[in-house]
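# Coordinate inspection notes
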Amino acid sequence: MAVSGYALVPLVFFLFSTFVSSSTSASGFQSQSQSQSQSQSQSRINVWPKPRTFSWPSSQASRLSPNFSITSPNHQHLSPAVARYRRLILTEHHHPLVTPKHVNITGPPLETLTIFVSDLTAPLHHGVNESYTLIVPSGGAANLTAATVWGAMRGLETLSQVVWGHPLLVATGLFVWDHPLFGHRGLMLDTSRNYYGVEDILRTIGAMSANKLNVFHWHITDSHSFPLLLPSEPDLAGKGSYGSQMQYSPADVKRIVEFGLEHGVRVLPEIDSPGHTGSWAEAYPEIVACANMFWWPAEADWDDRLASEPGTGHLNPLNPKTYQVFKNITQDVTALFPEPFYHAGADEIIPGCWKAEPAIQTFLSNGGTLSQLLEIFINSTLPYIVSLNRTVVYWEDVLLDANVKVDPTMLPPEKTILQTWNNGPTNTKQIVASGYRAIVSSSDFYYLDCGHGDFPGNDSQYDQKPGTDTENNGGSWCGPFKTWETIYNYDITYGLSDEEAKLVLGGEVALWSEQADPTVLDARIWPRASAMAEALWSGNRDKTGMKRYADATDRLNEWRYRMVARGIRAEPIQPLWCIRNPGMCNTVHPFIKQ
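Rules used in this analysis
Residues numbered from 1 in each chain as written. Predicted model: local features only at pLDDT ≥ 70, side-chain atom pairs only at ≥ 80, totals over all residues. Heavy atoms only, no water. Buried < 20%, exposed > 50% of the residue type's maximum accessible area, 1.4 Å probe, protein only. Helix = DSSP H or I, 4+ residues; strand = E, 2+ residues; numbered from the N terminus. Pairing = 2+ DSSP bridges. Phe/Tyr/Trp six-rings, centres within 6.5 Å; stacked < 30°, edge-to-face > 60°. Lys NZ or Arg CZ within 6 Å of the ring centre and 35° of its normal. Contact = heavy atoms within 4.5 Å. pLDDT = per-residue confidence, 0-100. Axes fitted to C-alpha atoms, helices over the stretch in contact; angles between N-to-C directions. Parallel < 35°, antiparallel > 145°, perpendicular 65-115°, else oblique. Nonpolar A, V, L, I, M, F, W, Y, C, P; charged D, E, K, R; others polar. Disulfide = S-S within 2.5 Å. Patch = residues over 30% accessible without salt bridge, like charges linked within 9 Å, V, L, I, M, F, W, Y side chains within 5 Å. Areas by Shrake-Rupley, 256 points an atom, 1.4 Å probe, with all protein chains shown as cover. Salt bridge = Lys/Arg side-chain N within 4 Å of Asp/Glu carboxyl O. Polar contact = N/O pair within 3.5 Å; in protein donor to acceptor, adjacent residues only side chain to side chain. Arc of directions from axis to C-beta.

Attention now moves to the pairing of strand β11 (residues 215–221). Counting buried residues along β11, 7 of its 7 residues qualify, which places the element largely inside the surrounding structure. Pairing of strand β10 (residues 184–190) with β11 involves 5 bridges; the strand directions are parallel. Paired with Leu187 across the strands is Phe216, a residue of β11.

On to the packing of aromatic side chains. The description of an aromatic ring pair uses the distance of the two centres, along with the angle that the planes make with each other. Taken as a whole and assessed by the stated rule, the structure comprises 20 aromatic pairs. An aromatic cluster is present here, built from Tyr195, Phe216, Trp218, Tyr248 and Phe337 joined pairwise through their rings. Taking NZ or CZ as reference, Lys212 lies 5.9 Å from the ring centre of Trp537, over its face. Over the face of the ring belonging to Phe341 we find Arg266, whose NZ or CZ atom lies 5.0 Å from the ring centre.

Our next topic: the environment of Arg154. Along the chain, Arg154 turns up in helix α4 (residues 149–161). Arg154 sits in the buried class, given a relative accessible area of 0%. Filtering out sequence-adjacent residues up to four positions away, Arg154 remains in contact with Glu130, Tyr132, Arg185, Ser209, Lys212, Leu213, Asn214, His263, Gly264 and Trp537.

Let us look at the confidence of the model for the protein. On average, residues of the protein carry a pLDDT of 92, and 91% of them reach 70 or more. Averaged pLDDT values for the elements of the protein fall to 41 in helix α1 (residues 5–19) and rise to 99 in β11. Taken together, the stretch residues 2–42 has pLDDT below 50 and engages in 75 contacts with residues farther than four places along the chain or on a different chain.

Right, let's get into the sheet that holds strand β16 (residues 391–395). Taken together, 8 strands build a closed barrel; the order of strands is β10-β11-β12-β15-β16-β17-β18-β19 and the barrel is parallel. Each neighbouring strand pair of the sheet contributes to a mean axis angle of 30°, computed without reference to strand direction. Here helix α5 (residues 198–210) sits on the sheet in contact with β10, β11 and β12 (266–273), set at roughly 155° to β11.

It is the contact of helix α3 (residues 78–91) with α4, at a shortest axis distance of 10 Å, that shows an interaxial angle of 0°. What the angle tells us is that α3 and α4 run roughly parallel. Counting all contacts with α3, which are made through Leu78, Ala81, Val82, Tyr85, Leu88 and Ile89, the residues of α4 involved are Val149, Ala152, Met153, Leu156, Glu157, Leu159 and Ser160. Looking at side-chain class alone, the contact of α3 with α4 contains 11 nonpolar, 1 polar and 1 charged residues.

So, on to the state of the cysteines. In the structure shown here, the tally under the stated rule is 3 disulfides. Once the bonded cysteines of the protein are numbered in order along the sequence, the disulfide links fall as 1-2, 3-4, 5-6.

Taken together, the side chains of Phe294, Trp296 and Trp302 define a hydrophobic patch exposed on the protein surface, amounting to about 330 Å² of accessible area. Its place among the elements puts Phe294 in the loop between β13 (288–289) and β14 (314–315). Residue classification places Phe294 among the exposed positions, given a relative accessible area of 55%.

The subject of this paragraph is the side chain of Ser441. Among the secondary structure elements, Ser441 is positioned in the loop between β18 (437–440) and α14 (484–489). Assessed through its relative accessible area of 1%, Ser441 is described here as buried. Discounting residues that sit within four places of it in the chain, Ser441 has contacts with Gln419, Thr420, Trp421, Tyr446, Tyr447 and Glu508.

Another aspect to go through is the pattern of salt bridges. Going through the model one piece at a time under the given rule, you end up with 22 salt bridges. The shortest N-O distance in the salt bridge between Glu309 and Arg193 comes to 2.8 Å. Pair noted here: Glu309 is in the loop between β13 and β14 and Arg193 is in the loop between β10 and α5, with a separation of 116 residues, a long-range link. For the residue pair Glu309 and Arg193, the accessibility class agrees, reading buried in each case. Between Glu286 and Lys321 there is a salt bridge; the shortest N-O distance is 3.0 Å. In this pair, Glu286 is assigned in the loop between β12 and β13 and Lys321 in helix α8 (residues 320–336), connecting sequence segments 35 residues apart.

Let us now look at the environment of Asn211. Mapped onto the elements, Asn211 comes out in the loop between α5 and β11. In this view, Asn211 contacts Trp48, Pro49, Trp526, Ser530, Ala533, Trp559 and Met563; residues no more than four positions away in its chain are not counted. In terms of polar contacts, Asn211 uses its side chain to reach the side chain of Ser530, at 2.8 Å.

Of all the positions in helix α13 (residues 424–433), only Gly424, Asn427, Thr428, Ile431 and Val432 are classed as buried. Around the axis of α13, the buried residues are gathered within 130° of arc, so they sit on the same side. Tucked into the core, α13 has its buried residues touching α12 (397–400), β17 (416–420), β18, α15 (498–501) and β19 (504–511). Positive phi shows up at Gly435, right after α13, with a value of about 95°.

Given below as structure tokens:
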């Protein structure tokens, strides 16, 4: 049912006041000691990501009625979510690896949950209110109050995680008040280098929703393939994809977008250009410079390469047909994706590629520069994207690249967001200090593909004498592997003033697919993406300011186990023995003194 925003205020205040005396902050965590970790792990229930305020003071539970029902407003996207969660709650029968002890089973079975939503019309855009309050009393109906349907979905996920066992038990005497620290909590997946089926993408979005992530950044195209079938430019996929069975049709996109809405996940498309466009040359060879050329000729220095990895091609900004094709693509993509953000790429302009194009050689010989060439492209495309009522997201290179970048006056901050991937907090600082909003995807912390080696063959860096110490041996350009703790502990606003931090919209983990495909998808992403999910939802520190990764270890173990039971093939983070013996696998000796 719906209630007005004004009605919500006294209701939430009353509910909070009722429980505040026993409420404990989500950031009020146990000490790092082994004994406390053991005892408290055994007497609590786990919710991931940890809510901002979670109170279960009496360790009570009641049976869940087999006829449990959920009453909610009728809504195009909330109603399917309600049906889905009711089915999950009644059928999951989760058995915790560490069963909560000393739980007092009392009171009548829980029969109903009633959902109150104040604003049923708020769209799933950046900044939408995702807050919720969940009350499960010791007797009577449970209540979930949310500002929007998207907050209600977050609350339903929390409810599903406080139900366990066979017969089913539900925590009672429970109070949760929750909302995210950051509005943009995303995952980027590259579907150009290797193809992922629609079911793989849907499973990923479903897992994102369970982790309260809310942006699926879909890096659809690149130099390697163009898998998106567009009505205005069918030859791009027809000739540039890996084949007819490795394409995404408009019907596929509609299904993915709708699935995202029903799970509270925005689908943000990226069509990267002017770099990373070699696949466009299969349909339009005349608009792509250096297409299908060897990426790093034997006679060339690294600075004269044509690409940073195999797969060459940059759009030619001097060819008018480039913009005809670009506009057709952009118009189709904005029609397929309702998301107000449009990711236009603009990363990794490689000078050698543009210099290989005769028309560009003439432009440069007449006094032009590569940065001016990029400015021509941005000035010819950004206004068009904006005219379609979109905010443009670019990779940071367009402003920060050492060799090829545009003048900041060409990037209006009110219409431009920059996504950072290099140099950790240094580049984040540069972006926000320049007045731009930032999305953080630092490769030092958030790149999930790192640490599996570089993929070019005939690579002599892996042929080293025994005992030789090389930082790249077995690693990659962004190695080492990013552990879940590395991801969890990263503070995306590190080194920023309070005003600068306000410009950080949030962050995204990224899975580039040079060495990933559906066979390893789940394990590459989960549960490491879960680590970022909690850090961006409720933070990575306790109320004293101490990092809470010791507490998070046992909880993430449990959550990973539950994800696997839900069909997500997440990799383990510890032996099962550690899970059965909470705290015993921690170290109490600091390896790095703070």
